[in-house]
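# Reading the structure
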Amino acid sequence: MFESRFNFTVEDNIAGTIYTTRKKNKKLAIILYLLLALCIIFSIVTLILDVLAGESFAFDIFLILLAVGIGVFFCFSPKMWKKSAIKSYEEFIAPNNYCVVIFDEDSCKVSFYKDQEEVSKMVLDLNNITAGFEDQERLVVVFDKTQFAVVKKDGLKGDIQALKDLIEKHLDNNETITYMTKI
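Parameters at a glance
Residues numbered from 1 in each chain as written. Predicted model: local features only at pLDDT ≥ 70, side-chain atom pairs only at ≥ 80, totals over all residues. Heavy atoms only, no water. Core = buried A, V, L, I, M, F, W, Y, C linked by side-chain atoms within 4.5 Å. Buried < 20%, exposed > 50% of the residue type's maximum accessible area, 1.4 Å probe, protein only. Helix = DSSP H or I, 4+ residues; strand = E, 2+ residues; numbered from the N terminus. Contact = heavy atoms within 4.5 Å. Pairing = 2+ DSSP bridges. Phe/Tyr/Trp six-rings, centres within 6.5 Å; stacked < 30°, edge-to-face > 60°. Axes fitted to C-alpha atoms, helices over the stretch in contact; angles between N-to-C directions. Parallel < 35°, antiparallel > 145°, perpendicular 65-115°, else oblique.

### Some details on the nonpolar core
- Of all hydrophobic cores here, the largest spans 31 residues; its most connected members are Phe-8, Val-101, Phe-103, Cys-108, Phe-143 and Leu-163.
- Looking at this core, the elements with two or more residues in it are strand E1 (2–6), helix H4 (77–93), strand E2 (98–103), strand E3 (107–114), strand E5 (129–134), strand E6 (138–143), strand E7 (147–152) and helix H5 (160–170).
- Considering every element that reaches this core, the biggest residue donor is E6, with five residues.
- Dropping the residues within four chain positions of it, Phe-8 is found in contact with Asn-13, Tyr-89, Ile-93, Cys-99, Phe-112, Phe-148 and Val-150.

Structure follows, in structure tokens:
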């Protein structure tokens, strides 16, 4: 059994939210970037053909600008995820004093406490782990591609490598924990 008690900060919520959202939208991002690149190439080719033929090319320029706008919007979406994580933290988590995350052989229990009293609890099945992320301060474990649990390394009771081995054992897609230093 592994236990981590710590003050859940806004940075923890941002790290979990951004990593979970990136992981969930990875395939969508690849498809979107490929479609945008093809759309821009096609629009430029038709723009050149319309200019050479002496036809109106206003619609071609509109398509290029639309594709570039969608690409820019998608590139800046992590900033929106960050704002959403901050808002969610301020509304739901900030009033709580600390968080306790307990991993045992088949579940992960995440509890938030305020004034020594439990105010919320979530029990997650380890068989639903879909990804893991580690940075210098924390370990983020993603469940069902939508929920996450944060484990602060400095508040962990137990061996961090044994916890990572337990998590990797339960990953449902044969991935390994991603090691990053910055989100």
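Now that the structure is up, let's keep going.
### Observations concerning the sheet that holds strand E4 (residues 117–125)
- In spatial order, the strands read E4-E3-E2-E1-E8; together these five strands make up an open sheet with antiparallel pairing. Every other strand in the sheet has two partners, leaving E4 and strand E8 (156–157) as the edge strands with one partner each.
- Where E1 meets E8, two bridges bridge the pair, whose relative direction is antiparallel. The residue of E8 that forms the bridge with Ser-4 is Leu-156.

### Points about the environment of Leu-66
- You can see Leu-66 is positioned in helix H3 (residues 58–75).
- According to the relative accessible area criterion, Leu-66 is partly exposed, its value standing at 41%.

### A word on the packing of aromatic side chains
- In the structure shown here, the tally under the stated rule is four aromatic pairs.
- On the numbers, 6.2 Å between centres and 35° between planes, the contact of Phe-6 with Phe-8 is tilted.
- Under the relative-accessibility criterion, Phe-6 is labelled buried at 7%.
- Between Tyr-98 and Tyr-113, the ring centres sit 5.1 Å apart and the planes meet at 10°, which makes this aromatic pair stacked. Of this pair, Tyr-98 sits in strand E2 while Tyr-113 is found in strand E3, placing the two residues 15 residues apart along the sequence.
- An aromatic cluster is present here, built from Phe-6, Phe-8 and Phe-112 joined pairwise through their rings.

### Focus on the packing of H3 against H4
- Viewed as axis vectors pointing N to C, H3 and H4 meet at an angle of 40°, and their least axial separation amounts to 4 Å. Judged by the angle between their axes, H3 and H4 are oblique. Between H3 and H4, the residues in contact are Phe-73, Phe-74 and Cys-75 and Ser-77, Pro-78 and Met-80, respectively.

### As for the pairing of E6
- Among the six residues of E6, six are classified as buried, and the element is accordingly described as predominantly covered.
- Side chains Arg-138, Val-140 and Val-142 of E6 all project onto a buried face; the interleaved residues Leu-139, Val-141 and Phe-143 project onto the opposite face, where all are buried too.
- Sheet topology places E5 next to E6; five bridges connect them, and they run antiparallel. By the bridge assignment, Glu-134 is partnered in E6 with Leu-139.
- The turn linking E5 back onto E6 is made up of three residues.
- Looking at chain direction, E6 and E7 are connected through six bridges and run antiparallel. Across the sheet, residue Val-142 finds its bridge partner in E7, namely Phe-148.
- Once E6 ends, the chain turns through three residues before running back antiparallel as E7, passing Asp-144 with a positive phi of about 50°.

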